[in-house]
Amino acid sequence: MIRWTWAFLDRPATGFDECVRFWATVTGSTVSEPRGEHGEFVTLLPADGPAWLKMQRVGDDGGIHLDLDVDDIPAAVATATALGARVLTVAEDYTVLRSPAGQTFCFTPADRGPSARPEVPPVTVSTAPDGTVTRLDQVCLDLSPADLAADTDFWHSLTGWTHRPGRRAEFSRLRGHDQPLHLLLQRLDDPRPASAHADLASSNIAATAAWHESLGATRIAETPQWIVLRDPGATHYCVTGRDPYTG
């Protein structure tokens with residue numbers, strides 16, 4: 001059973017502090033004290049409610065991955081590998097794996113975060129200076145057409161979350177009860193390695209994108225439903241026209 005879901009924003013060492021400031025600002029968070037052997041980890045702390053976003057300084061181009069808090073890591077690993085995952089790293093207090101399509105994720109202990117509390121308060125939204133409301137509430141898994149079915153089955157079976165089709169044929173969504181994050185599975189048009197990106201639900205995508213640009217983001221593409229941006233660490237994410245309170 002997945003007790004809590006974390007989005008881990010992995011960002012390059014060069015410009016990492018700027019990325020932390022950017023994401024702390026757009027999510028209405030304060031930044032924890034650095035931790036790790038080299039001070040490479042921080043948590044973004046919301047004004048109220050439990051945290052669900054972390055950041056890591058990495059030596060490559062970065063990206064995003066999920067940390068899944070569980071009660072029994074070896075048992076969770078056994079389940080995941082039986083479903084087709086591959087173990088990459090086994091450490092004292094976490095295990096790194098890849099899904100059948102190649103998405104990296106970690107199992108982490110459930111006794112260290114908000115999941116240890118019997119009742120988890122709702123995740124809070126953030127409000128921009130102009131009153132626009134947003135929430136980073138979704139991780140989109142970008143999948144090659146050949147990988148879509150296998151990874152959809154994998155994540156559905158691993159999480160036990162409710163799976164529903166999206167409004168467009170290339171999307172489907174996994175939602176968990178009392179989880180701060182949901183998963184969107186996107187079928188790409190062309191074959192390419194699996195990747196993932198963050199989605200922010202916004203009450204006004206144009207206003208949110210303009211605010212993010214003023215803070216250092218770059219607009220890449222837009223549709224009536226979403227706008228693709230690049231953060232100061234050169235990593236893509238989307239601002240999407242969904243209700244920030246309900247997703």
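Here, the structure is the one placed above.
Remember, it's a predicted structure, so these values are computed and weren't measured experimentally.

**Q** Describe the side chain of histidine 212, naming the residues involved and giving the relevant values.
**A** Among the structural elements, histidine 212 can be located in helix 4 (residues 205-214). Assessed through its relative accessible area of 0%, histidine 212 is described here as buried. Here the side chain of histidine 212 touches tyrosine 237 through a polar contact of 2.7 Å, side chain to side chain. The residues touching histidine 212, leaving out its near neighbours within four places in the chain, are Phe22, Val26, Leu200, Ala217, Leu229, Tyr237 and Val239.

**Q** Which residues make up helix 2 (residues 73-82), and what values do they have?
**A** Along helix 2, the residues classified as buried are Ile73, Ala76, Val77 and Ala80. Angularly, the buried residues of helix 2 cover 100° about the axis, an arc narrow enough to put them on a single face. Residues of helix 2 that are exposed and point more than 90 degrees away from the buried face comprise Pro74 and Ala82. On its buried face, helix 2 is in contact with strand 5 (63-70), strand 6 (86-90), strand 7 (95-98), strand 8 (104-109) and helix 3 (148-159). In this structure aspartate 72 caps helix 2, since a side-chain oxygen of it lies 3.1 Å from the backbone nitrogen of alanine 75. Taken from the residues just after helix 2, glycine 84 is the one with a positive phi, measuring 115°.

**Q** So, the state of the cysteines: which residues are in play, and what are the values?
**A** Here a disulfide denotes a covalent bond joining the sulfur atom of one cysteine to the sulfur atom of another. Applying the stated criterion across every chain yields a total of 0 disulfides. With no disulfide of its own, cysteine 106 lies closest to cysteine 140 among cysteine sulfurs, the gap being 19 Å. On the basis of relative accessibility, which here comes to 8%, the residue cysteine 106 falls in the buried class. Residue cysteine 140 stays outside any disulfide, its sulfur separated by 7.0 Å from that of cysteine 238, the closest cysteine.

The rules behind these values
- Residues numbered from 1 in each chain as written.
- Predicted model: local features only at pLDDT ≥ 70, side-chain atom pairs only at ≥ 80, totals over all residues.
- Heavy atoms only, no water.
- Helix = DSSP H or I, 4+ residues; strand = E, 2+ residues; numbered from the N terminus.
- Buried < 20%, exposed > 50% of the residue type's maximum accessible area, 1.4 Å probe, protein only.
- Polar contact = N/O pair within 3.5 Å; in protein donor to acceptor, adjacent residues only side chain to side chain.
- Contact = heavy atoms within 4.5 Å.
- Arc of directions from axis to C-beta.
- Disulfide = S-S within 2.5 Å.

Remember, this is a structural readout, not a statement about activity or role.
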